[in-house]
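# Notes for the structure review
Chain by chain, the residues run as shown.
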Amino acid sequence: MERPGWDEYFMEMAEVAEKRSTCMRRRVGAVIVKDKRIMATGYNGVPSGIEHCEIRGCLRDELNVPSGQRHELCRGLHAEQNAIIQAAHLGQSIAGGTIYCTNQPCVICAKMIINAGIKRIVVRSGYPDALAVEMLGEAGLEVELLEREKRGDE
C-alpha cells in the first residue's frame, strides 16, 4: 500500500468530516491544519441544539433558492465556518494554517478564511462562486484543486 502525501491525507480527513453533514443539498467537510497538525474540523449543518433539516425540511428547497445564491437563506452553517468556530471555541490559533475543503468556499466563507489568517486553501472540487475566487485572489490566496490520486484498486 502506498503512503498518501500530506495534502491527500488531510483531504481524506475532510472527506470523513463530510460524512457527518446533515445538509440535504450538498455535503461538505473541512479540516484546518497548521504545522501538519489538525487544529479543527467542520461539516455543514445546523448549529448545536437546532433541529436538523432532514427532520424539519430544507428552507432553501422550500424557497427554490439556486445553488450558490442567497447563502443567508439557510438554517445551517458551512463546513469552513464550523471549522473556524471550532478552532475559536477551543482556543486554537489557525493563522498561517491551511484549510482543506471538499468544495471550494463560498464568498462568505472566503471572507472568514481571509480574516482568520489562513494562508492556503486546498479543495477537492469547485463551487459556482466567482466573487469568492476574486476576493481570495485579491487577498493573495489561491484555491488549489487537489486531484484524486489513483490507487491500485481504482
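Everything numeric in this text was worked out from a predicted model, so none of it was measured.

The rules we used
- Residues numbered from 1 in each chain as written.
- Predicted model: local features only at pLDDT ≥ 70, side-chain atom pairs only at ≥ 80, totals over all residues.
- Heavy atoms only, no water.
- Axes fitted to C-alpha atoms, helices over the stretch in contact; angles between N-to-C directions.
- Helix = DSSP H or I, 4+ residues; strand = E, 2+ residues; numbered from the N terminus.
- Parallel < 35°, antiparallel > 145°, perpendicular 65-115°, else oblique.
- Left-handed = near helix turned anticlockwise from the far one by under 90°.
- Contact = heavy atoms within 4.5 Å.
- Nonpolar A, V, L, I, M, F, W, Y, C, P; charged D, E, K, R; others polar.
- Pairing = 2+ DSSP bridges.
- Phe/Tyr/Trp six-rings, centres within 6.5 Å; stacked < 30°, edge-to-face > 60°.
- Buried < 20%, exposed > 50% of the residue type's maximum accessible area, 1.4 Å probe, protein only.
- Core = buried A, V, L, I, M, F, W, Y, C linked by side-chain atoms within 4.5 Å.

The subject of this paragraph is the packing of helix 4 (residues 79-90) against helix 5 (residues 107-116). Interhelical geometry of helix 4 versus helix 5 gives an angle of 30° and a closest axis separation of 9 Å. When the axis of helix 4 is compared with that of helix 5, the two are roughly parallel. For the element pair helix 4 and helix 5, the recorded crossing hand is left-handed. Mapping the contact onto sequence places E80, Q81 and I84 in helix 4 and I108, C109, M112, I113 and A116 in helix 5. Here the residues of the contact of helix 4 with helix 5 sort into six nonpolar, one polar and one charged.

The next point concerns the sheet that holds strand 4 (residues 120-123). Strand order in the open sheet made by the five strands is 2-1-3-4-5, with mixed pairing throughout. This sheet does not close on itself; its edge strands, each paired only once, are strand 2 (37-43) and strand 5 (143-145). Averaged over neighbouring strand pairs, the angle between their axes works out to 20° when direction is ignored. The pairing of strand 3 (residues 98-101) with strand 4 spans four bridges and is parallel. Bridge pairing in strand 4 places C101 opposite V123. Along the sheet, helix 1 (residues 6-18) makes contact with strand 1 (29-34), strand 2, strand 3 and strand 4, crossing strand 1 at roughly 140°.

The next thing to look at is the packing of aromatic side chains. Evaluation of the coordinates by the stated rule reveals four aromatic pairs. Aromatic pair Y9 and F10: ring centres 5.0 Å apart, planes at 65°, arrangement edge-to-face. Relative accessible area serves as the criterion here: at 33%, Y9 is assigned to the partly exposed category. A relative accessible area of 2% places F10 in the buried class. Aromatic rings pair up to connect W6, Y9, F10 and Y100 into one cluster.

What follows deals with the nonpolar core. Grouped together as the largest cluster of nonpolar side chains are 21 residues, with contacts concentrated most on A30, I32, I94, I99, I113, I118 and I121. Listing elements by their share of this core, those giving two or more residues are strand 1, strand 2, helix 4, strand 3, helix 5, strand 4 and helix 6 (130-138). When residues of this core are assigned to their parent elements, the largest contribution, four residues, is made by helix 4. The contact partners of I113, leaving out residues within four places of it in the chain, are E80, I84, I99, P105, I118, I121 and L141. Core analysis: the second largest hydrophobic core is formed by eight residues, M11, Y100, V122 and L146 among them.

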